[in-house]
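Here are the chains, one letter per residue:
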Amino acid sequence: MPAASWIVKAMAAALVLLAVLLSPAAGQHDYGDALRKSILFFEGQRSGKLPPDQRLRWRGDSGLHDGAAAGVDLTGGYYDAGDNVKFGFPMAFTTTLMSWGLIDFGRSFGAHKEEARRAVRWATDYLLKTTARPNTVYVQVGDAARDHACWERPEDMDTPRTVYKVDPSHPGSDVAAETAAALAAASIVFRNADPAYSKRLLDRAVKVFEFADRHRGPYSSSLHAAVCPCYCDFSGYQDELLWGAAWLHRASRRREYREYIKRNEVVLGASDAINEFGWDNKHAGINVLISKEVLMGKDEYFQSFRVNADNFMCSLLPGISNHPQIQYSPGGLLFKVGGSNMQHVTSLSFLLLAYSNYLSHAGGRVQCGGASASPAQLRRVAKRQVDYILGDNPLRMSYMVGYGSRFPRRIHHRGSSIPSVAAHPARIGCKAGAAYYASPAPNPNLLVGAVVGGPTDNSDAFPDARAVFQQSEPTTYINAPLMGLLAYFSAHPNPAEWADEHMD
């Protein structure tokens, strides 16, 4: 390409990006209120014996005998979405992302910090139970096929609570390494608040990672019928091994994990599928997390991770990105082809924000060919996504239940859509709940703070229908990264105060 043409293209891309980033928001949001509600959502997903301070009172105790058939206590933890199964892979990722938000933006949580820590602890208490036996990780409670054939409250569920595990004979490096990452990240969260608990989490993380690395293999092969199609690992287990090592390095500062990453960077494909980040694929997260070491001047060896992270950021910037899998709707929503789009929106926006902070501390910028972007510009892209979720969109509706005057009323969620035990004490069986599933009426119980899958294409459309689960179902891993985003913007709501917005 001739030099003049290349320069014109770069300048045009820069102008498009600048226009998108500087477009005015439809209104000011109460990010603190949204943060409080995003944390409250997790109380609606609790399994086990609920505590006296449970705030979503329409929920009751459930899964009180989980694990008993296998001779283990697997009570507690979270239901992943609108069903009544406890899937270990997304639960561990949820825990890692909640913890990352608290680690990087803990001060911004303000009065909600302890609530957020309690949400993390509800998960880690369960993950400690799942890893109590050496060389074993219990990765799922509940028969997904049988559960999904029913529409019933978790308090009433009578489907099989089958227990699934990975062990040396049935490896699951992906789910085990993600569990190690979750425990390691959470150990940082509790380092000052509860040192003894923090040490217990880190010690367990070390053992679980050793198991994941020594007995390699994808859990989708070992437990295919149980975990697929819901949470098959399509990206392989290699990314989770690097991800787990990265979190253990950050939590322990032990040289052995740095050497592990160095030794396995190419073998485990650190630069593969860099456009992805979610419960299945950790590649973008790995590169952003490790880049902090480079930007803080602590480890120049990992410069390649910073290059990967920069390239990833460029792929997300409107006007610069030409990545076929990352697009923006006319209303400004980042979307990737597939279901439950908000999981991509919140996870990728979190990485934008985290990386922008690392760059700010280092005085750095993202280089995108002939253009560059400042840390504040990355924050603006992330904030635009958060504002879209909260109501700055063509439909002028919030995609968070209970936030704003207009939000989804018919979410794909069993407990929310069926009358509570207090309102309807008699049991509602497996098939009896179908009437509530098919009802056009709004859900009787507000799952406050739940963020649904939202628009799934470039139409910015949303049907608010229970049956369209890709758009109407909330998940824990949509909310987990959103907590950190909302905390930051509640403390720093004004972009004009961030930094110079000049773009080269």
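Student: Summarise the overall build of the protein chain; cite the residues concerned and give the values.
Tutor: Along the backbone of the protein chain there are 19 helices and seven strands. With respect to the three principal axes, the spread of C-alpha positions in the protein chain is 75 × 50 × 40 Å. For the protein chain, buried positions account for 63% of its 504 residues. Here the contacts in the protein chain between residues at least 6 apart in sequence split such that 74% fall between residues at least 24 apart. Accessible surface, the protein chain: about 18,400 Å² in total, of which carbon and sulfur atoms supply 55%. Considering the protein chain, the positive charge centre built from 52 side chains and the negative charge centre built from 49 side chains are found 3 Å apart.

Student: Can you tell me about the state of the cysteines, naming the residues and giving the values?
Tutor: Within this structure, the stated rule accounts for three disulfides. One disulfide bridge connects cysteine 228 with cysteine 232, the sulfur atoms lying 1.8 Å from each other. Assigned by exposure class, cysteine 228 and cysteine 232 land together as buried. Across the protein chain, the disulfide pattern expressed with sequentially numbered bonded cysteines is 1-6, 2-3, 4-5. With no disulfide of its own, cysteine 230 lies closest to cysteine 232 among cysteine sulfurs, the gap being 8.3 Å.

Student: Tell me about the pattern of salt bridges, and name the residues and values.
Tutor: In this structure the tally under the stated criterion is 27 salt bridges. For arginine 255, the salt bridge is made with glutamate 259, and the minimal N-O distance between the two is 3.5 Å. In this pair, arginine 255 and glutamate 259 are both assigned in helix H11 (residues 255-264), four residues apart and thus about one turn of the helix distant. In this structure arginine 255 comes out as exposed when scored by relative accessible area, which is 59%. Taking the relative accessible area as the measure of exposure, glutamate 259 reaches 22% and is therefore partly exposed.

What counts, and at which threshold
Residue indices follow the written sequence of each chain, beginning from 1 at its first position. At least 70 in pLDDT is required for a residue's local features to be given in this predicted model, at least 80 for side-chain atom pairs to be given and counted, and no such filter applies to totals for whole chains, interfaces and linings, which use all residues. Here the side-chain values reflect all heavy atoms present in the structure, with hydrogen atoms and water set aside. Helix and strand labels come from DSSP, where a helix needs a run of H or I of at least four residues and a strand needs a run of E of at least two; each type is numbered from the N terminus. Note on classification: 1.4 Å probe, protein chains only; a residue is buried when its accessible area is under 20% of the maximum for its type, exposed when over 50%, partly exposed between these limits. Between two residues, a contact is recorded if the distance between any of their heavy atoms is within 4.5 Å. All accessibility values rest on the Shrake-Rupley procedure with a 1.4 Å probe; residue burial counts only the protein chains present in the view. Positive charges come from Lys and Arg alone, negative charges from Asp and Glu alone, with His and the N- and C-terminal ends not counted. One atom stands in for each charge, and that atom is NZ of Lys, CZ of Arg, CG of Asp or CD of Glu. Cysteine sulfur pairs qualify as disulfides if the two atoms are within 2.5 Å. Here, a salt bridge means any Lys or Arg side-chain nitrogen found within 4 Å of an Asp or Glu carboxyl oxygen.

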